[in-house]
2 protein chains.
Amino acid sequence: MPAVPADLHDYLSQHDARIQRELFEFLRIPSVSARSEHDADTARAAEWTAESLRAAGLTATVHQTEGHPVVVGEWRGAGPAAPTVLVYGHYDVQPAEPLELWTSPAFEPTIRDGKLFARGSVDDKGQLFLHIKALEAHLAVRGRLPVNVLVLAEGEEEVGSEHLAPFIAANASLLASDAVIISDSAMFAPGLPSILSSLRGLAYFQIDVQGPAQDLHSGSYGGAVVNPAMALARILATLHDDAGHIAIAGFYDDVRDWPAAVRTQMKGLPFDAEQFRAETGATALGGEAGYTVLEQLWTRPTCEVNGLLSGYTGEGAKTVLPARAMAKVSCRLVPDQDPAKIESLMKAHVARVAPAGVTATVTHLHGGRPWRAELNGPLYDAARRALGAAFGREPVITGEGGSIPVVGDFERILGAPVLLVGFGLPGENAHAPDEWLSMENFTVGMRAIATLWDELGTGGVR
Amino acid sequence: MPAVPADLHDYLSQHDARIQRELFEFLRIPSVSARSEHDADTARAAEWTAESLRAAGLTATVHQTEGHPVVVGEWRGAGPAAPTVLVYGHYDVQPAEPLELWTSPAFEPTIRDGKLFARGSVDDKGQLFLHIKALEAHLAVRGRLPVNVLVLAEGEEEVGSEHLAPFIAANASLLASDAVIISDSAMFAPGLPSILSSLRGLAYFQIDVQGPAQDLHSGSYGGAVVNPAMALARILATLHDDAGHIAIAGFYDDVRDWPAAVRTQMKGLPFDAEQFRAETGATALGGEAGYTVLEQLWTRPTCEVNGLLSGYTGEGAKTVLPARAMAKVSCRLVPDQDPAKIESLMKAHVARVAPAGVTATVTHLHGGRPWRAELNGPLYDAARRALGAAFGREPVITGEGGSIPVVGDFERILGAPVLLVGFGLPGENAHAPDEWLSMENFTVGMRAIATLWDELGTGGVR
C-alpha cells in the first residue's frame, strides 16, 4: 500500500488554517439554486469557485447557461499525449428551511465536536473544495500534475441539473476526458473509505388536485362537494400496497437483479439496523417487505411524499373545504428504470385512481437516471490505492440511495468511466437542518485525492 | 299577512346612508379570533358593538372572559311581567387568508352588483348589526319595545365559543330569557325567507404524524424510514369507504332518522343540483352514496380535511423525507351525535390504522353539538308572519350544514327555544375569499326583524 506523498502532505498541513478560512468563505454564500431570490448568490458562488481554481493554478471560465452558470477549470500542462481527468462537483446547495431547526445559522459555518456545520458543508461545497486544494498542492509544490485536469462545477445539481447535460454535449471537445471523478457521496462509516458502485435515479413530481373553484365553507358544502385534500390523500394511499411494494402498474418492469458478488459484499458490511433506526429517531423502520435495510436503500426503488399543502394550516381551526391540494412526490429509481417511463406510469396511475369531482394533474419537475459502475480497470485500482494510503485501510464497495443525475450523462456523452469517491458520513443531514462535514474526513480526503493524482500518473487512467 | 309597520320602515329608510356607513366601520375591524396578533382588533370590535348598542338605546357591558370578551346589551323597559327575548350574534370573523384571492381587500367593505364584499359581512357582523338597527328603530321612533330585550354578542364563534357556555351558565339570571333569536345563517334562495330547522355539530381535530426526529435526505433514507406524510395520507384514506360512508367504527351509531314531514318539505324545495355544482366550480358532485345533495348537506355527517402540511411546499423540488405531517380534519355531526364520543372514536380509529414507524397524535381542537328545532309555538308563528310581511311570501323550513354550537347551549342552560332566521344566501363565501352579504337582504332583513318585535308583542313569545 503506498503512502500519501510527504511533499503534498506537508503543503496541506502548512496551509491548513488558510484552507479552512477559504472553505468558510465559500460556505457563507447562500447559493440556493431552487430559489430565484438567491440567484445573485448562486452567481457569486460560481465566480468564487472560478477564483479559487485560478488561485490553485488552473485557468477558469464561468460559462453562462439558461439556468445557473457552469464553471470550468483547466490545466493541460501534461501535454496532448497524456490522459485527461475531469473532476465534477457542484457549488449550489439545498434550501436551508426550516431555519429554526438549525443549531447554528445555516450559512455561518461552525465547528462543534469535529463537525463542520453549514448548508453545503458536505453537499457538495466541502467536497468540491477539497479537490481544488489537492490540485493546488500539486501545482504549488511541484508546478505540475501527472495528467491533464479539468474541473467542472455546476450550480443546478439540487434542482435537477437541467442545463448540464446540454452544456457537456455542446462542449464535448473542451470536456473530452478519459475518466471522471466525483466526490458527492458518503463513506460507509467513519474510517472506512468507500467507493460507490451505484446511485438511484429520480423522478420528481408535483401532484395538484383541484376541487371547487375556491375555498368553501365546510359546513355549507361538506358532504356533497368532493374534498380535494381527501382526494389527494386517497390517491397517495394507492401508491403502495400494504407490504410496502409500489402499486403503480409496470413500476418494477425494468428493475434489474443485483450482481451476486456485490450483494454478498453488501451483507458483510458492518451495518447495525437498530443503530441506523436510532439515528433517524423513528420508532421503527419500515419500507418494502422482503429486503434488508441496505437493499431497500441501495437496490430498491421508492415512492415518497416530499411535501403536502392544502387549505388552512395556521394556528387554531378553520372550517374550510379547500379548493386545492398539492403533494410533491418523488420516486428513487434503480437500474434500469427510466424517469420518462416512470413519468408516464405515474400519470396513468393518478388518472386511473383520481375520483370524479376533482381534477388531478401530475407535473414532472425533474428526473435523473439510475447508475451502476463497472468497478474494474486502472481508474478504480488507483482509487483503491490512494484511499488505502490516506485512510490506512482498503476501501469498501457501497451503494447509495441518493441520486447524482449527471453521472450517467458523463458516461453517455464523454464515453468516460466515472469514479465516485465521497467523504460524507451517515447522519450528515445533507438535505436537512444541521448539515455537517467531518473535519477529519475533509483533511484525510484532501490527502487521498492528492495521492490519487500520483496513482493515476503511475498506473494510468484507462 | 301583516305589513312592515310604516313608522319603522320610514325610520330605517331615512337613516339608510348612516346605517351603511356604520356597518362599513364595523367591517373594517379585522377581529380575527383565531389569530392572537389580532387580539387588540377583536377587543376593539367588542367595544364597537357595545357602543352601537348604547347608541341604539340599550345599556351595554363588555364582559371580559378567559378568551375574547362577551358584550351584553339590555333593554328592560317592558317591565318584569313582560317576556324577555335574547338576540345572539358574534363580532369575530374567520381568518381572511389567502388574501391574494380577494377581489377587494377583506377588511375594506366594497359594494359590487348589490353585494357587500368584506370578511364578516354575512358571517356574522352584518346580521348582528341589522338586529341592532331594528332595535334602534323601535327605540328611536316609539321609545319602547313590546318585550324586554337582551343582545349577547360573542367574539369566539369562529374558534369554538369555548368561553360562551360557561359565561351563560355563570350569568344565567342576567340572561334569563323566554326565547333566543339568532341570525347567522342563509336563506334558501334570493327572495325566499327561511327558518332553519337544524344545524350540524362539529368535532374538529388536528392529526400530527411524527416520523424521524428531523427531516432526512429522501435518497439516503427513503425506502427504509417510514414517510410520515405518506403515513398520514394512508390514515386519511381509511376515514371513508369507496361509497363515501365514513368508515370509523361506531360513527353512525347515534344518527337519528329525520322526521318524514321535514324530509318531504325538503324534497319540494326549488333545488337544482347541477346549478349548485356549477356554482362551486367542481367538475362533479360526490359524497355519500344513497342521499340527495340536500340530505348530504343537512342530514348526514361528514369527515373533511380542512388543511394539510408537510415537508417542502415551496417553489421547485426538494428531495426531503419529512420529519412530520399534519392534517386538520373535522367532522360535521347530526342529531344525536356527540362530539366527545366522536373524539374517542376518531382517536381509537387513528391509533388502529397508524402504521408502525410513526407516532400519530389526534388533538380535539373544538366541538359543538348538532341541533334540531321543534318548529311549533308562538315564537315560530311570529317569525313566519314577520318574514312574510317583509319578503312578501311565507318562509320555508330548511336545514343547514354548518354549525352554531351555542344554539344547543342556549336551549340547555336558559331553557329557552331558539329561532334561527338568517339573511345570507347560497354562494356567499362565508369562510372563503370574497365573502359577501346581499344588500337587499340586509335592508329587507332589518325590516323583517323590526316587524318581528311587534309580532312577538302581539302573539306572545311562548
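Calculation criteria
Residues numbered from 1 in each chain as written. Chains lettered and ligands numbered in written order. Predicted model: local features only at pLDDT ≥ 70, side-chain atom pairs only at ≥ 80, totals over all residues. Helix = DSSP H or I, 4+ residues; strand = E, 2+ residues; numbered from the N terminus. Buried ≥ 20, exposed ≤ 12 C-beta atoms within 10 Å, placed from the backbone. Contact = placed C-beta atoms within 7 Å. Pairing = 2+ DSSP bridges. Axes fitted to C-alpha atoms, helices over the stretch in contact; angles between N-to-C directions. Least-squares fit on C-alpha atoms with pLDDT ≥ 70 in both. Expected span 1.5 Å × (residues − 1). Domains from an automatic or database assignment. Nonpolar A, V, L, I, M, F, W, Y, C, P; charged D, E, K, R; others polar. Parallel < 35°, antiparallel > 145°, perpendicular 65-115°, else oblique. Left-handed = near helix turned anticlockwise from the far one by under 90°.

Some details on the overall build of chain A
Counting secondary structure elements, chain A contains 14 helices and 19 strands. Taken along its principal axes, the extent of the C-alpha atoms in chain A is 80 × 50 × 45 Å. Taking all 462 residues of chain A together, the buried fraction comes to 58%. A fraction of 79% describes how many contacts in chain A between residues 6 or more apart in sequence connect residues 24 or more apart.

Regarding the pairing of strand S6 (residues 148-154) of chain A
Residue and element names in this part refer to chain A. With respect to burial, S6 is a largely interior element, 7 of its 7 residues being buried. Side chains Asn148, Leu150, Leu152 and Glu154 of S6 all project onto a buried face; the interleaved residues Val149, Val151 and Ala153 project onto the opposite face, where all are buried too. Inspection of the sheet shows strand S2 (residues 70-75) paired to S6 by 5 bridges, in the antiparallel sense. Counted as the bridge partner of Val71 is Ala153 from S6. Sheet topology places strand S3 (residues 84-90) next to S6; 7 bridges connect them, and they run parallel. By the bridge assignment for S6, Tyr88 is matched with Leu152.

So, the sheet that holds strand S19 (residues 436-438) of chain B
Residue and element names in this part refer to chain B. Read across the sheet, 3 strands follow the order S4-S5-S19 without closing on themselves; strand pairing throughout is antiparallel. The two strands at the open ends of the sheet, each matched to only one other strand, are strand S4 (110-112) and S19. When the angles between neighbouring strand axes are averaged without regard to direction, this sheet yields 30°. The pairing of strand S5 (residues 115-117) with S19 spans 3 bridges and is classified as antiparallel. Directly across from Phe117, in S19, lies its bridge partner Trp436. Sitting on the sheet, helix H14 (residues 439-459) is in contact with S4, S5 and S19, with an inclination near 55° to S19.

Details of the relation of the copies chain A and chain B
Overlaying chain A with chain B gives an RMSD of 0.1 Å, the required rotation being 180° about an axis along which the chain moves by 0.0 Å. Look at the turn and shift together and you get a two-fold axis relating the two. Taken as a fraction of all interface residues of chain A, those also at the interface in chain B reach 100%, which identifies the copy contact as same-surface.

Concerning the environment of His68 of chain A
Residue and element names in this part refer to chain A. Tracing the sequence through the fold places His68 in the loop between strand S1 (59-63) and S2. Given 28 C-beta atoms within 10 Å, His68 falls into the buried group. Sequence-wise, His68 and Ser161 are 93 residues apart; in three dimensions their C-alpha atoms are separated by 9.3 Å. In this structure His68 touches Ser33, Thr42, Ala46, Asp92, Gly155 and Glu156, once residues within four positions along its chain are discounted.

Focus on helix H4 (residues 125-142) of chain A
Residue and element names in this part refer to chain A. Between the first and last C-alpha of H4 there are 26 Å, a value that for 18 residues agrees with the 26 Å anticipated at 1.5 Å per step. With 14 of 18 residues buried, H4 lies mostly within the body of the structure. One or two positions beyond H4, positive phi appears at Gly143, with a value near 75°.

Examining the domain arrangement of chain A
All names here are of chain A. Segmenting chain A into domains produces domain 1 (6-197 + 373-459) and domain 2 (201-273 + 285-368). One C-alpha centre belongs to domain 1, the other to domain 2; they are set 32 Å apart. Of the residues in the side of domain 1 that touches domain 2, the class split is 6 nonpolar, 5 polar and 2 charged.

Focus on the packing of helix H3 (residues 39-56) of chain B against helix H4 (residues 125-142) of chain B
All names here are of chain B. For the pair H3 and H4, the least separation of the axes is 8 Å and the interaxial angle reads 25°. Compared by their axis directions, H3 and H4 come out roughly parallel. Contacts between H3 and H4 involve Ser52, Leu53 and Ala56 from the first element and Ile132, Leu135, Glu136 and Leu139 from the second.

What about the pairing of strand S7 (residues 179-182) of chain A?
Residue and element names in this part refer to chain A. Alternating residues of S7 divide into Ala179 and Ile181 and Val180 and Ile182, and every residue in both groups is buried. Pairing analysis gives 4 bridges linking S3 to S7, with the strands arranged parallel. From the neighbouring strand, Leu86 faces S7, where its bridge partner is Val180.

Points about the interface of chain A and chain B
Counting residues at the interface gives 81 residues for chain A, matched by 82 residues for chain B. With 8 residues, the top contributor of residues to the side of chain A that touches chain B is strand S12 (residues 304-311) of chain A. The residue makeup of the side of chain A that touches chain B, split by class, is 36 nonpolar, 34 polar and 11 charged. As defined by bridge partners, S12 of chain A adjoins strand S12 (residues 304-311) of chain B across 5 bridges and the pair is classed as antiparallel. Within S12 of chain B, the position partnered with Gly311 of chain A by the bridge is Gly307 of chain B.

Notes on unusual backbone geometry
The omega torsion of the bond from Glu97 of chain A to Pro98 of chain A falls at -5°, within 30 degrees of zero and hence cis. Take Pro98 of chain A: it is sitting in the loop between S3 and strand S4 (110-112). With phi around 50°, Ser161 of chain B is a residue other than glycine that occupies positive phi space. Within the chain, Asn429 of chain B stands out as a residue other than glycine whose phi angle is a positive 60°.

Here we look at the sheet that holds strand S3 (residues 84-90) of chain B
Residue and element names in this part refer to chain B. One open sheet holds the 6 strands; their spatial order is S1-S2-S6-S3-S7-S18, and the pairing between them is mixed. With one partner strand each, in any of the chains shown, strand S1 (59-63) and strand S18 (418-420) form the two edges of the open sheet. Strand-to-strand twist across the sheet, computed as the mean angle between neighbouring axes with direction ignored, equals 20°. Across 3 bridges, the pairing between strand S7 (residues 179-182) and S18 is parallel.

Regarding the packing of helix H1 (residues 6-14) of chain B against H14 of chain B
All names here are of chain B. At their nearest, the axes of H1 and H14 sit 10 Å apart, and the two run at 145° to each other. In terms of crossing hand, the pair formed by H1 and H14 is right-handed. Facing H1, whose interface residues are Leu8, His9 and Leu12, H14 presents Met446, Arg447 and Ala450. The residue inventory of the contact of H1 with H14, partitioned by class, reads 4 nonpolar, 1 polar and 1 charged.

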